[in-house]
Amino acid sequence: MFIERELRFYFSLSKVTFWQNKLRHYTRFGGRFFNRTLLYDNPNPALSFYAPEVDGRFRLRLFKVLEPAQSSQVSYSLISWKQRLKKEKGLNIEKELEIKFAAADFDLLDRLFRDVLKMPYKGGYELYRSFFYFEEKIEITLNEYPFALALELELKEGADLEILSVAVEKLGLKDKKPSLLSNDDFYAQLCRDEGLEPGEEIFFRTSPMPQLKDE
């Protein structure tokens, strides 16, 4: 099970083109996908994944290829477990486990979790995700959510922490404070700021939808 070390920054959606161009200049492009993620809880309420002592997310994810980086790139689905462990010096430290399936299995797996395993559905979200790689040591994702743009820099397994400083300097992020909020927590904060009730589904069709404003 991989332990993630990452930095996360949020911007308004008006910065999408700026960051797409900048990342393509300084890094290797890894493809652009449409992503739909569905979340489920433990069928035993006493062992809820959302309990503070667990703080985990069980997810079913679909990645549909929009712009492949190479001809062999295909759409796929994932069963994913992510558990937040701690936060230190702007870094999110998380445990992650992923199992990959064909994209066509997405709906069947959703039915398995809901109808057979009786896992309570907790909602979901959609985004457009672009992958980039900095010196093959950092995986960078540019995530276009309905409410904001999230830029995440994740150290690949075995990479030295110092390479993050190099990437932050190169991308002009040195004076930008990283966020320790997860994407769902950030969405909930935007809702509170705009006097909206956070919804379980953060899809592009969801209305009303809060928006992060330009700084």
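Treat the numbers as computed from the prediction; the structure is a model and nothing was measured.

A.B. asks: Would you mind going over the overall build of the protein in detail, with residue names and values included?
C.D. replies: A count of helical and extended segments in the protein gives 4 helices and 9 strands. Seen in sequence order, the protein has helices and strands lined up from the N terminus as β-α-β-β-β-β-α-β-β-β-α-α-β. Taken against the 2.2 N^0.38 rule, which gives 17 Å for 215 residues, the C-alpha radius of gyration of the protein at 17 Å falls within 12% of a compact globule. Considered along the principal axes of its C-alpha atoms, the protein spans approximately 50 × 45 × 35 Å. With 215 residues in all, the protein has 49% of them scored as buried. Restricting to contacts in the protein with at least 6 residues of sequence separation, those with at least 24 account for 66%. A total accessible area of about 11300 Å² is found for the protein, and carbon and sulfur atoms account for 52% of it. Charged side chains of the protein number 33 positive and 35 negative; the gap between the two group centres comes to 1 Å.

A.B. asks: Please set out the side chain of R84 residue by residue, giving values where relevant.
C.D. replies: Position of R84 relative to the elements: it lies in strand 4 (residues 76-88). Reaching out from R84, the side chain makes a polar contact with the side chain of S182 at a distance of 2.9 Å. Polar contacts involving the side chain of R84 include one to the side chain of D185, which spans 3.1 Å. Once residues lying within four places of it in the same chain are set aside, the contact partners of R84 are V54, D55, R57, I93, E94, S182 and D185.

A.B. asks: Describe the environment of L66, with residues and values.
C.D. replies: Inspection of the secondary structure assignment puts L66 in strand 3 (residues 56-67). Taking C-alpha positions, L66 is 25 Å from L171, a pair spaced 105 residues apart along the chain. When residues no more than four places from it in sequence are discounted, the contact partners of L66 are R32, F33, F34 and Y128.

Procedures and definitions
One numbering rule holds for all chains: residues counted from 1, following each sequence as written. Where local features are concerned, this predicted model is filtered to residues with pLDDT of at least 70; where side-chain atom pairs are given and counted, the filter is 80 or more; whole-chain, interface and lining totals use all residues. Side-chain numbers come from the whole structure's heavy atoms, not from hydrogens or water. Helix numbers and strand numbers start at the N terminus; a helix is a DSSP run of H or I with at least 4 residues, a strand a run of E with at least 2. With C-alpha atoms as the basis for the radius of gyration, the globule rule is written as 2.2 Å multiplied by the number of residues raised to the power 0.38. The rule is simple: take the accessible area with a 1.4 Å probe, protein chains only, and divide by the maximum for that residue type; under 20% is buried, over 50% is exposed, in between is partly exposed. Between two residues, a contact is recorded if the distance between any of their heavy atoms is within 4.5 Å. Method for areas: the Shrake-Rupley scheme with a 1.4 Å probe, in which residue coverage is limited to the protein chains shown. The charge count treats Lys and Arg as positive and Asp and Glu as negative. His and the chain ends do not count. Charge placement uses NZ in Lys and CZ in Arg. For Asp and Glu, CG and CD serve respectively. Nitrogen and oxygen atoms within 3.5 Å of one another constitute a polar contact, given that in protein one can donate a hydrogen and the other can accept it, and given that sequence-neighbouring residues count only through two side-chain atoms.

Nothing here speaks to function; it is geometry throughout.
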